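# An overview of the molecular structure
Residue strings, one per chain:
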Amino acid sequence: MDSCLNLRAYLILCCFNLVILTYSSSSTQPLCHENESRALLQFKHNFVINKFASVGPSAYPKLESWKLLDGKNNGCCSWDGVECDHDTGHVIGLDLSSSFLHGSINSNNSLFTLVNLRSLNLADNEFNFSEIPSRIGHLFKLTSLNLSKSGFFGQIPSEISSLSKLVILDLSSEIDLYSESHLKLGKPSLRDLVQNLTNLKVLDLSMVNISSSMPSVLSNISSLTTLNLEGCLLYGEFPMEIFRLPQLQILNVAGNENLTGSLPEFQSNSHLKSLIFQGTGFYGKLPGSIGRLESLVYLDLSQTSLSGTLTSPLGNLTRLSFLFLNDCKFSGQVPSSLANLSQLTEFGIGNNDFDAGPLPLPPGKLLKLTRLSARRMNLQGEIPLSLANLTQLSYLSVRVNDLVGKIPLWFMNLTLLTVVDLSQNHFHGTIPRSITQLKRLDFLSLHSNSFTDIVELDMFMKLPNLVLLQLGINNLTVLDKNSTNGTLPKLDILGLASCNLVEFPSILRFQDELQALTLNNNKIRGEIPIWMWNSSKETMEYVDFSQNFLTGFEQQQAVIPWRFLIVFNLDSNKLQGSLPVPPPSTVIYIVRENALTGVIPPLMCHKNSLRMVDLSDNNLNGTIPSCLASSSEDLLMLNLSGNSFQGSIPSTFTMNCQLLMIDLGQNQLQGPVPKSLANCAMLECVGTLPENFGREQVLCQHALAEPLHTHRLCGGKDCKTDGPSLILETGRVDHR
């Protein structure tokens, strides 16, 4: 009997649980409205899934789950990214962030029929540079709108200002403000946009082109917890009232270089956790009251005009994890109270005017540091032993200081290091071979010190993650073994200036990602080998082979085949033959002090990007191509002196001439100074050396403001200019 009762009770309990589960399931996933389901499917069909459209770490194609079940239109509440109201079944939330969506949105999109939406997140997709549709203002129930980093551009519609229930508004971007593909606020202005959004807690417009002063109306939004206006081209004085917003936790106006202001006296009841003014025009002193911000986790005042001494109360900010005070005008001593910041993980303090002294790194403190930047801060002495305690350190930069001594062997115990920059100090001794124990290194810069040794380049090739290696300007002799491809690291930057090299390093044969290569001031002789042109053909941007003994090219190319080359320096070699032609991408081209012959090839003028051209002190001849003068809208410096050019100066200098300096001296030019040269208003001094005058006499015309026939002769000492100049030192140029 008891067993029957127990069985009956068990069955009743099971039925009860089944009812509960059924009810719970139906309440979790209500049936959505058919018209809303159709609208979502129509929305889906407007886009293609492109794996390159999203970059977020959790990206996946959410719309792939949007399918009809058994031909029914009522299952949309179970689709990825869709949230429905449990009572009404209406779609109230869409989170399609990082969904690989690629396509355009316009005002006819079915999305805007979902008038019950409270939350809309389309962040991290690619909407093909379409404008934000004005119809978004019809979604009047929205409390959260996130369209960040999704390829929208153009004017932000004024209709967003009517979404008065918004609590979160994120229209931030990562696109360069100087490109054409960015969002902007003109009409409405920032003031117009936010004056009705009085419920906002989060406002993020970073990288939106606002180009206005910062409106004080922002201080009326008392609910604001996050205000991010980074890189918005803001200007004028920062409204002090914003600091007094009662709920404010995150304030970021970084990257607005024309935004000025000073820090206030902070109150002890502040909720600030993040304060970022990097790259602004803020000035004045660091108030002692900053020590009252006990909740502060992130403080970035770098690249500002803040000055004076650092205050000891900084040491009261014991929750700080990130502290950046670099590139300011702070002076005096670094306060010892910074040792109290035991939670600090990233610390930048370099490039200030601190008193000379040792690296301010107290022993047994700051043990959580992962990044330390202490460049340009008058550091003296050796690397302190206390650095050995920072076993979490991954980034260390102490470049441009007066540090001395050797690289200590305990340094190799910092096995998490990925970046080491000891450049431009006075370190000496040998570079320890044990540095190859730092297997995570991807950036190693030791240039411009006093290291002495014979170093095998192959040693550094054992660092598998290395992308930057700079050993130049020491007292090193770098030996190159004939490397084989094997497992060589893929370098981006290789700097081997002044390393006593006698040939091109063989590792270059196997590099296809180099962006910068400096081999200047070595002893490399003979021809540039043909295989060199194939090294990093699609990536090379900066090449310096100057001050060697190069005589030419194993195989002359019609155009240097590095397609994206920006800087090419062959200065002070022994190059013979015709002038090598840089690719159209080249901005700076220097081949002075060689033995090149022939004329300037016509290819030099074809769709080039040249800003600085120095072909001086060669044996080039022929006439100066008129295209060089007609390129003066782009050219800033042109030096053709010390050659054998004949004929007249080209008369094709353009109305928008940007030339700062031109030197055509020591050639065989004849004829009048062209009147079009007067278009080059940036030039400050025109010089010539007629046959009957001494070398120091020059023909001056300040800023070429006067007509050419009013030029006056004057002594070189009387024609003073600290600015750009035009030099025509020799020849028969008529100055009448």
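Criteria and thresholds
- Residues numbered from 1 in each chain as written.
- Predicted model: local features only at pLDDT ≥ 70, side-chain atom pairs only at ≥ 80, totals over all residues.
- Heavy atoms only, no water.
- Helix = DSSP H or I, 4+ residues; strand = E, 2+ residues; numbered from the N terminus.
- Buried < 20%, exposed > 50% of the residue type's maximum accessible area, 1.4 Å probe, protein only.
- Contact = heavy atoms within 4.5 Å.
- Areas by Shrake-Rupley, 256 points an atom, 1.4 Å probe, with all protein chains shown as cover.
- Pairing = 2+ DSSP bridges.
- Salt bridge = Lys/Arg side-chain N within 4 Å of Asp/Glu carboxyl O.
- Phe/Tyr/Trp six-rings, centres within 6.5 Å; stacked < 30°, edge-to-face > 60°.
- Disulfide = S-S within 2.5 Å.
- Core = buried A, V, L, I, M, F, W, Y, C linked by side-chain atoms within 4.5 Å.
- pLDDT = per-residue confidence, 0-100.

### A few points about the overall build of the chain
From N to C terminus, the chain includes 4 helices and 52 strands. Burial statistics for the chain: of 736 residues in total, 51% are counted as buried. A fraction of 57% describes how many contacts in the chain between residues 6 or more apart in sequence connect residues 24 or more apart. Summed over all atoms, the accessible surface of the chain reaches about 33,100 Å², with 50% contributed by carbon and sulfur.

### Digging into the sheet that holds strand 22 (residues 353-354)
What the 6 strands build is an open sheet, ordered 12-14-16-18-20-22; its pairing is parallel. In the strand order of this sheet, the two ends are held by strand 12 (235-237) and strand 22, each with one partner. Sheet analysis places strand 16 (residues 281-285) next to strand 18 (residues 305-309), joined by 3 bridges and oriented parallel. In the strand pairing of strand 18, Gly284 is matched with Leu306.

### Here's the deal with the pattern of salt bridges
The tally for this structure, following the rule as stated, stands at 11 salt bridges. Between Arg38 and Glu34 there is a salt bridge; the shortest N-O distance is 3.3 Å. Of this pair, Arg38 and Glu34 both sit in helix 2 (residues 34-44), 4 residues apart, which is roughly one turn of that helix. Assessed through its relative accessible area of 43%, Arg38 is described here as partly exposed.

### Re the packing of aromatic side chains
Scanning all chains against the criterion turns up 21 aromatic pairs. Geometrically, the ring pair formed by Trp66 and Trp79 is stacked, given 5.5 Å between the ring centres and 20° between the ring planes. Of this pair, Trp66 sits in the loop between strand 1 (48-49) and strand 2 (82-84) while Trp79 sits in the loop between strand 1 and strand 2, and the two are 13 residues apart along the sequence. Trp79 gets classed as buried once you look at its relative accessible area, which sits at 4%. A centroid spacing of 5.1 Å and a plane angle of 65° characterise the contact between Trp533 and Trp562, whose relative ring orientation is edge-to-face. Taken together, the residues span a long stretch of sequence, with Trp533 in the loop between strand 35 (525-528) and strand 36 (542-544) and Trp562 in the loop between strand 37 (549-553) and strand 38 (567-569) at a distance of 29 residues. Here the aromatic cluster, defined as three or more aromatic residues joined through ring pairs, consists of Phe504, Trp533, Phe545, Phe553, Trp562, Phe568 and Tyr589.

### Points about the environment of Ala59
Relative to the elements of secondary structure, Ala59 occurs in the loop between strand 1 and strand 2. If near-sequence neighbours (up to four positions away) are discounted, Ala59 is found in contact with Ser54, Ser98 and Phe100.

### Things to note about the environment of His271
In this structure, His271 sits in the loop between strand 14 (258-261) and strand 15 (274-276). For His271, a relative accessible area of 39% translates into the label partly exposed. For the pair His271 and Leu293, spaced 22 residues apart in the sequence, the C-alpha separation amounts to 7.5 Å. In contact with His271, not counting residues within four places along its chain, are Pro246, Gln247, Leu248, Gln249 and Ser295.

### Some thoughts on the sheet that holds strand 26 (residues 402-405)
Taken in spatial order, the 5 strands line up as 24-26-28-30-32 in an open sheet, and their pairing is parallel. Looking at the sheet topology across the chains shown, the edges are occupied by strand 24 (380-381) and strand 32 (475-479). With 2 bridges connecting them, strand 26 and strand 28 (residues 426-429) associate as parallel partners. If you follow Gly405 over to strand 28, its bridge partner there is Phe427.

### Quick word on the state of the cysteines
The tally for this structure, following the rule as stated, stands at 4 disulfides. Cys32 shares a disulfide with Cys76; S-S distance 2.2 Å. You can see Cys32 sitting in the loop between helix 1 (2-28) and helix 2 and its partner Cys76 sitting in the loop between strand 1 and strand 2, a full 44 residues away along the chain. For Cys76, a relative accessible area of 0% translates into the label buried. Note that Cys657 is cross-linked by a disulfide to Cys680, the S-S spacing being 2.1 Å. Handedness here is read from the sign of the S-S torsion; for Cys657 and Cys680, about 95°, the answer is right-handed. You can see Cys657 sitting in the loop between strand 45 (644-647) and strand 46 (661-663) and its partner Cys680 sitting in the loop between strand 47 (668-672) and strand 48 (686-688), a full 23 residues away along the chain. Taken individually, Cys657 and Cys680 each receive the classification buried, so the pair is uniform in this respect.

### Some words on the nonpolar core
In terms of nonpolar packing, the biggest core is built from 191 residues, with Leu229, Leu251, Leu387, Phe411, Phe460 and Phe545 touching the most fellow members. For this core, the secondary structure elements donating two or more residues are helix 2, strand 2, strand 3 (91-95), helix 3 (190-194), strand 30 (450-456), strand 32, strand 37 and helix 4 (626-630). With 4 residues, helix 2 is the single largest residue contributor to this core. Setting aside anything within four residues of it in sequence, one finds Phe460 in contact with Ile431, Ile435, Leu444, Val455, Leu466, Leu469 and Leu471.

### Points about the pairing of strand 43 (residues 619-623)
Both strand 41 (residues 595-598) and strand 43 contribute to a ladder of 2 bridges, which runs parallel. Looking at strand 43, one finds that Gly598 is bridged to Leu620. For strand 43 and strand 45, the ladder comprises 3 bridges, and the chain directions are parallel. What sits directly across from Thr623, in strand 45, is Gln646.

### Observations concerning helix 2
Considered for burial, the residues of helix 2 that qualify are Glu36, Ser37, Ala39, Leu40, Leu41 and Phe43. In this fold, the buried residues of helix 2 make contact with strand 2, strand 3 and strand 4 (101-102).

### Thoughts on unusual backbone geometry
Only a minority of non-glycine residues have a phi that is not negative, and only a minority of peptide bonds are not trans. Of note, the bond from Lys187 into Pro188 is cis; its omega dihedral lies within 30 degrees of zero at 10°. Within the secondary structure layout, Pro188 lies in the loop between strand 9 (183-184) and helix 3. Of note, Asn378 is a non-glycine position whose phi angle comes to about 60°, a positive value.

### Some thoughts on the confidence of the model for the chain
Across the chain, the average pLDDT comes to 86, with 87% of residues at or above 70. Counted against residues more than four places away or in other chains, residues 1-27, with its pLDDT under 50, gives 1 contact.

### Some details on the side chain of Thr226
If you trace the backbone, Thr226 turns up in strand 11 (residues 226-228). Under the relative-accessibility criterion, Thr226 is labelled buried at 15%. Once you skip the residues sitting within four places of it in the chain, Thr226 turns out to touch Lys201, Val202, Leu203, Leu248 and Ile250.

### Quick look at the environment of Ile221
Tracing the backbone through its elements, the reader meets Ile221 in the loop between strand 10 (202-204) and strand 11. In sequence terms Ile221 and Asn196 are 25 residues apart; their C-alpha atoms lie 9.5 Å from each other. Those residues in contact with Ile221 that sit more than four places away from it in its chain are Val194, Leu197, Thr198, Leu200 and Leu245.

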